Amino acid sequence: MEVAANLEEINHKIERACIKSNRLVEDITLIGVTKYVTIERTKEAIQAGICNLGENRLEGFQEKYDSLQETDVKWHFIGTLQSRKVKEVIHQVDVIHSLDRLSLAKEINKRAEKTIDCFVQVNVSKEESKHGIMPEEVLTFIGKLRDFSRIRVVGLMTMAPHIEDKEALRQVFKRLASLRKEVQEKGYDSAPCAYLSMGMSNDFELAIEEGATHIRIGTKLVG
Ligand SMILES: *Cc1c(COP(=O)(O)O)cnc(C)c1O
């Protein structure tokens, strides 16, 4: 399928989910996840109107970034980031969605030349295979991040489990939304935490209904 056709369908679904939950389409940012696809396919996505791209690995990120420099794309790093690799991406990425350790925060703070917008990744479903801060530790963690002047916590991010059970998925998204509220109530300047990065190909409509502001879609868009 052409990316444009996929995008049309996704936009339609976003619109329906927004209507259902009384939200504005303008408040949803669609991040096209291009980790599975070529530069050609990525270019097709940009031509179709995607202006936020997400990559989860350093190599994929750098390859795409280098080839697409002339485009006006906002780059989201959505995968696990090793501290020692931070210096290789920090001047290119616009947003990091996977801040999950103080050691990583320290390295970002050290290498950055401007404030970096970060999402704190939360392991809401507590799966062993997943990265992220445990939900109970989010407030403490974000409190500690105040020591790092170049990190701005713009939101929380999670990956829901691969399950069909819609009610269980909803609970995961609701939990992240309620954690966001707790962070906001702290009123830290360094953590406005206005955003929720949640929802992928299989669950983005539910995520929107539960408050997602950033959805990350790969398979159904470019796959
Ligand atoms: C791969 C990936 C996605 C996109 O997943 P799809 O199911 O292909 O839409 C979203 N977020 C993260 C962190 C990913 O690694």
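Residues numbered from 1 in each chain as written. Predicted model: local features only at pLDDT ≥ 70, side-chain atom pairs only at ≥ 80, totals over all residues. Heavy atoms only, no water.

Enquirer: Pulling in residues and values, what's your account of the state of the cysteines?
Expert: Across all of its chains, the model carries 0 disulfides by this definition. Between C18, a free cysteine, and C51, which holds the nearest cysteine sulfur, the sulfur-to-sulfur gap is 16 Å. Cysteine C193 shares no disulfide, and the gap to the nearest cysteine sulfur, in C118, comes to 12 Å. (Disulfide = S-S within 2.5 Å.)

Enquirer: Lay out the environment of E40 in plain terms, naming residues and giving numbers.
Expert: Checked against the element boundaries, E40 lands in helix α2 (residues 39-48). With 19 residues separating them in the primary sequence, E40 and E59 have C-alpha atoms 16 Å apart. (Helix = DSSP H or I, 4+ residues; strand = E, 2+ residues; numbered from the N terminus.)

Enquirer: Can you break down the nonpolar core residue by residue, with the values?
Expert: For soluble globular proteins, the rule of thumb is that nonpolar side chains tend to be buried together. With 68 residues, the main nonpolar core has L99, I108, V120, I142, L145, L156 and I215 as its most contacted residues. Residue contributions to this core peak at 7 residues, all from helix α7 (residues 166-186). Apart from the residues within four sequence positions on either side, I215 is in contact with I14, I28, T29, L30, I31, M198, G199, F204 and I208. (Core = buried A, V, L, I, M, F, W, Y, C linked by side-chain atoms within 4.5 Å. Buried < 20%, exposed > 50% of the residue type's maximum accessible area, 1.4 Å probe, protein only. Contact = heavy atoms within 4.5 Å.)

Enquirer: So what about the packing of aromatic side chains? Which residues, and what values?
Expert: For the coordinates displayed, the defined rule picks out 5 aromatic pairs. Ring geometry for F61 versus W75: centroids 5.6 Å apart, planes at 90°, classification edge-to-face. Here the residue F61 occupies a position in helix α3 (residues 58-67), and W75 occupies one in strand β3 (residues 74-77), the gap between them amounting to 14 residues. By relative accessible area, W75 is classed as buried at 3%. Chaining the aromatic ring pairs together yields one cluster made of F61, Y65, W75 and F77. (Phe/Tyr/Trp six-rings, centres within 6.5 Å; stacked < 30°, edge-to-face > 60°.)

Enquirer: So what's going on with helix α5 (residues 102-111)? Which residues, and what values?
Expert: Looking only at α5, the buried set comprises L104, A105, E107, I108 and N109. Taken together, the buried residues of α5 touch α4 (86-89), β4 (95-99), β5 (116-121) and β6 (151-157).

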